[in-house]
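# Architecture at a glance
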Amino acid sequence: MEGKEEDVYLGANKYRERQPIGTAAQVPDKDYQEPPPAPFFEPSELTSWSFYRAGIAEFIATFLFLYVTVLTVMGVVKSPTKCSTVGIQGIAWAFGGMIFALVYCTAGISGGHINPAVTFGLFLARKLSLTRALYYMVMQCLGAICGAGVVKGFVGSKQYKLLGGGANTIAHGYTKGDGLGAEIIGTFVLVYTVFSATDAKRSARDSHVPILAPLPIGFAVFLVHLATIPITGTGINPARSLGAAIIFNQDHAWNDHWVFWVGPFIGAALAALYHVVVIRAIPFKNK
């Protein structure tokens, strides 16, 4: 009996735990060097082809994002009964699925932001320079405008206006404060997920993290849309809101448009603050 107990003891302690939990999980198996913060302004970027290539990738990605998602929204609105369409769940899947696909496609070129709020949050956390942040935001907005414009060209001006153009507005029964709060929390969820999914410390510990990064980001977009479509139509992306509003160009689309910029930028700033104070504060070994 003693021999069996000894065998069990040796077997249970023979192999080291591969996935530690609690505070032990904060120390990676290999050393990690925190990358330096991005410079506030980097003039050399302006002479680099990779800089302009990244902006083009952001333009194309946001263009495709608006094209697919606005068409999906208008298809649901066009139908007299939601049962004959993909419904709110389908709209949420369209937004989340496109973000998943586009982040996967563009992450190696531009980082796959596709959203000025994401870019703003990463800038505040010193992940990219002001030069690149402003350039990305401009290209994202231009891509969104072109994407919504192509949709309008397909369906026609009359039908486009009749179906609302996919523009974000605060739903009846909700106040501007409700809409602002929904946008802040929704964007916080998204940008917090972006920081967590792309955290270099986790990449040093778990090699599979960079491969899976687009998946949680896409799911975050999907879930936020499920929650806030009935309130604001779900912005959480100022470029998406701006592109649809410009092409739709009706007064009620502009009345609350500030909510879809202020809310996402506040949510992104809070997520960046949380990342710097909590996530980056985890102790790691340094060489």
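Residues numbered from 1 in each chain as written. Predicted model: local features only at pLDDT ≥ 70, side-chain atom pairs only at ≥ 80, totals over all residues. Heavy atoms only, no water.

## A word on the pattern of salt bridges
Per the counting criterion, the structure on display carries 2 salt bridges. Its salt-bridge partner being Glu 45, residue Arg 132 comes within 3.0 Å of it at the nearest N-O pair. Here Arg 132, found in helix 5 (residues 130-155), pairs with Glu 45, found in the loop between helix 1 (2-13) and helix 2 (49-78); they are 87 residues apart in sequence, far enough to count as distant. Take Arg 132 and Glu 45: they sit in the same class, and that class is buried. (Salt bridge = Lys/Arg side-chain N within 4 Å of Asp/Glu carboxyl O. Helix = DSSP H or I, 4+ residues; strand = E, 2+ residues; numbered from the N terminus. Buried < 20%, exposed > 50% of the residue type's maximum accessible area, 1.4 Å probe, protein only.)

## Examining unusual backbone geometry
Here Arg 126, not a glycine, exhibits a phi torsion of approximately 65°, which is positive. Residue classification places Arg 126 among the partly exposed positions, given a relative accessible area of 37%. For Ile 236, which is not glycine, the phi dihedral falls at a positive 45°. In this structure, Ile 236 sits in the loop between helix 10 (214-232) and helix 11 (238-248).

## Describing the nonpolar core
Membership of the largest hydrophobic core comes to 53 residues, with the highest contact counts inside it found for Phe 65, Ile 99, Ile 114, Tyr 160, Leu 190 and Ile 217. The set of elements that each furnish at least two residues to this core consists of helix 2, helix 3 (87-106), helix 4 (116-124), helix 5, helix 7 (176-197), helix 10, helix 11 and helix 13 (259-279). The dominant element in this core, judged by the number of residues it contributes, is helix 2, at 9 residues. Contact partners of Tyr 160, with chain neighbours within four places excluded, come to Met 74, Ala 148, Val 151, Lys 152, Val 155, Gly 165, Ala 244, Ile 247 and Phe 248. Of all hydrophobic cores here, the second largest spans 5 residues; its members include Ile 170, Ile 184, Val 259 and Phe 260. (Core = buried A, V, L, I, M, F, W, Y, C linked by side-chain atoms within 4.5 Å. Contact = heavy atoms within 4.5 Å.)

## Focus on the packing of aromatic side chains
Here a ring pair, both rings aromatic, is described through the centre-centre distance and the interplanar angle of the planes. Taken as a whole and judged by the stated rule, the model has 14 aromatic pairs. Plain terms: the ring middles of Phe 51 and Tyr 52 are 5.1 Å apart, the flat faces sit at 85° to each other, and that makes the pair edge-to-face. Arranged with centres 6.2 Å apart and planes meeting at 65°, the rings of Phe 188 and Tyr 274 form a pair that is edge-to-face. With Phe 188 in helix 7 and Tyr 274 in helix 13, this residue pair connects regions lying 86 residues apart in the sequence. (Phe/Tyr/Trp six-rings, centres within 6.5 Å; stacked < 30°, edge-to-face > 60°.)

## Here's the deal with helix 4
Of all the 9 residues making up helix 4, 7 are buried; the element is thus mostly covered by neighbouring parts of the structure. Listing the buried residues of helix 4 in full gives Pro 116, Ala 117, Val 118, Thr 119, Gly 121, Leu 122 and Phe 123. Where helix 4 ends, the next residue or the one after it, Arg 126, has phi of about 65°, a positive value.

## Considerations on the packing of helix 3 against helix 10
Contact geometry of helix 3 with helix 10 gives a least axis separation of 8 Å together with a crossing angle of 155°. Put simply, helix 3 runs roughly antiparallel to helix 10. Two packed elements cross with a definite hand, and for helix 3 against helix 10 that hand is right-handed. Taken together, the residues of helix 10 that come into contact with helix 3 (itself represented by Ile 88, Gln 89, Ile 91, Ala 92, Trp 93, Phe 95, Gly 96, Ile 99, Phe 100, Val 103 and Tyr 104) are Pro 214, Leu 215, Ile 217, Gly 218, Phe 219, Val 221, Phe 222, His 225, Leu 226 and Ile 229. Grouping the amino acids of the contact of helix 3 with helix 10 by side-chain chemistry returns 17 nonpolar, 4 polar and no charged. (Axes fitted to C-alpha atoms, helices over the stretch in contact; angles between N-to-C directions. Parallel < 35°, antiparallel > 145°, perpendicular 65-115°, else oblique. Left-handed = near helix turned anticlockwise from the far one by under 90°. Nonpolar A, V, L, I, M, F, W, Y, C, P; charged D, E, K, R; others polar.)

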